[in-house]
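# Structural overview
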Amino acid sequence: MITQQSRKIEQIHQDIRAEHKTHVEWKRRNRTQTIEYMIHGIFLLLGLITVGCVLLITVYLIISGIPAIRQIGLLDFLFGKEWASTASEPKYGILPFILTSVYGTAGAILIGVPVGFMTAVYLSKLASIKVKSVMQSAVSLLAGIPSVVYGLVGMLVLVPGIRKIFNVPDGASLLASIIVLAIMILPSIIKMSITALDAVPKEYEDASLALGATPIETYFKVSVPAAKSGIAAAVVLGVGRAIGEAMAVMMVAGNVPNMPNSLFQSVRFLTTAVSSEMSYSSGLQRQALFSIALVLFMFIMLTNAMLNFFLKREKE
Amino acid sequence: MLSQTLSKKRKNYEVLMKVLMLLSAGLTAALTLFLVIYVLVQGIPNITWELLSTKPSYLTEKIGILPNILNTVYIILATLLLVLPIGVGAAIYLTEYASNKKVVSIIEYAAETLSGIPSIIYGLVGMLLFSNNIGTCLLSGALTLVIMNLPTIMRTTQESLKTVPQSYREGAFGLGAGKWRVVRTVVLPGCVDGVITGCILSVGRILGESAALLFTAGFAHALNGVIDGLATPGATLTVALYVYAKEQGEFGVAFAIAAILMILTALINFAATFVQKQFAKRRSL
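Analysis parameters
Residues numbered from 1 in each chain as written. Chains lettered and ligands numbered in written order. Predicted model: local features only at pLDDT ≥ 70, side-chain atom pairs only at ≥ 80, totals over all residues. Domains from an automatic or database assignment. Contact = placed C-beta atoms within 7 Å. Nonpolar A, V, L, I, M, F, W, Y, C, P; charged D, E, K, R; others polar. Helix = DSSP H or I, 4+ residues; strand = E, 2+ residues; numbered from the N terminus. Expected span 1.5 Å × (residues − 1). Buried ≥ 20, exposed ≤ 12 C-beta atoms within 10 Å, placed from the backbone. Axes fitted to C-alpha atoms, helices over the stretch in contact; angles between N-to-C directions. Parallel < 35°, antiparallel > 145°, perpendicular 65-115°, else oblique. Left-handed = near helix turned anticlockwise from the far one by under 90°.

## Some details on the domain arrangement of chain B
Residues and elements named next belong to chain B.
- Structurally, chain B comprises domain 1 (2–46) and domain 2 (50–284).
- The C-alpha-based centres of domain 1 and domain 2 are spaced at 35 Å.
- Taken together, the contact pairs seven residues of domain 1 with seven residues of domain 2.
- For the side of domain 1 that touches domain 2, the per-class residue count stands at four nonpolar, three polar and no charged.

## Re helix α5 (residues 101–116) of chain B
- An ideal rise of 1.5 Å per residue puts 22 Å on 16 residues; α5 of chain B measures up with 23 Å between its terminal C-alpha atoms.
- Within the sequence span of α5 of chain B, burial applies to Ile107, Ala110, Ala111, Thr113, Leu114 and Gly116 of chain B.
- Elements that come into contact with the buried residues of α5 of chain B comprise α1 (2–72), α9 (228–244) and α12 (283–315) of chain A together with α4 (66–97) and α7 (138–162) of chain B.

## Points about the interface of chain B and chain A
- Listed per partner, the contact involves 67 residues of chain B and 64 residues of chain A.
- Among the elements that make up the side of chain B that touches chain A, the one with the highest residue count is helix α2 (residues 8–43) of chain B (16 residues).
- Split into classes, the residues belonging to the side of chain B that touches chain A amount to 47 nonpolar, 15 polar and five charged.

## So, the packing of helix α5 (residues 147–166) of chain A against helix α13 (residues 237–247) of chain B
- Running from N to C, α5 of chain A and α13 of chain B point in directions that differ by 20°, and their axes come no closer than 9 Å. One element, α5 of chain A, and the other, α13 of chain B, form an angle in the roughly parallel class. In this structure, the crossing between α5 of chain A and α13 of chain B has a hand that is left-handed. Residues Val148, Leu152 and Met155 of chain A of α5 of chain A form the contact with α13 of chain B, whose own contacting residues are Thr238, Leu241, Tyr242 and Ala245 of chain B.

What follows is the structure, encoded as structure tokens:
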């Protein structure tokens, strides 16, 4: 009787112990799971910082850019032909800057894209491996050179050169900026086009060659159309670079807020408009500079959206 | 033979395209060569030990760029220190943790957007965000550069994470390791090469950056230690180049800095390709 009872008690003890053990195990597992969740959360947070940064930049630019536009009036601001921020009766029209940026970028694309595109086709299809690798490192170097160095060389070589060749009073002009920008966008156009051209399936080219096309015809009539989305993306990337460049342009454009009526006029870009007055501006003038930055940002977002569109098509 | 059978029109096309291609490639090569040689020829004679080892002095009216060199080093260190954990963490989230496709595409879109924003906008926002709160100083500049370099670190890390074989992860899971343990012991060691490549690219970008630093880090030439340096305004090499060339007309010094930057850029490019080749070789073993 007693032994039976003690055995029963023993049994209960054992059950309790076992239960306790599973409980501890469960608790431990629960703890590791909590840690896992926490770590997951930390990584998620780190990933979302990027999104936060984009939102922060957008919101800050909009908040600081809107007041001046409201005070000046959107139409007067965007289409006003005169910028005289320090005059006694200040005028804040940024059409000269917008047009300069558009013309400057268009000019740079007009010069930079054909040269870059042809170089890319040559390097991707015709050049020997050795030439290709040497040229690719040259292009990487060109891409890595700081923009102030481009500005410096432009200031001391290009600007005097333009003054002498075209016999104009000052070489710091739209033309000088266009040439500097064209050189600066060259590496991104070449690199991206080469990537697109290298990715064209060899079968396409073989088929074209077998049908009797010459290699050159094949490259331009088969490979290039097959890589057209990538090449379009390269052009858009170049546009983005050219619109956004500030320092090099600041050193060669002359920075006078003229309408860009001729290639030899001293002009001011959207980027340089922001930076050239920032250090001493205040009040409405400073707010207007933020509004210019907002306009620039809109341009950039537009090119970014286009770039994404072409890149997505390229992937497909 | 083949060329004899071609019609005149096709032959002309052939010749024209070949000439255009060679001209373009030649122009690109000549431009690069000219830029490099011109900057080095103008700059190297101006690089003296005195220039490299002193600060500018009003008494002797001599310019030294030691403060600018140090500022550049400080800002690179501070930026990398801050950007690495964020960038690597974000990349790990994207490749290892994220299960929701929408979140991934939002983060990737944000990173692409960040890499497309020009540096002058970063400079402006950095001024509003950081300089207006903690003052114009190297730290503000570094924080601005952190946002700028985030996409670079993220992309290179992500690329290297994708090369870690899935079987490694499965093996570790099979042995009973938890997610965090797999990430710590299997995934993280696998992305070292991406992190190193990202660091090299970021250093190159920081070295060449000027527009984003002009209004965030300022342009002083004082000689400081790391801590003081980060808390006070200071010009990096590129900003110093701009100030000396544009505002003071000291072209000798500007070219000396340009030559130094050119040499450093070449070294960084060389290091980046070397590292990438080395890692590719190791991976193929």
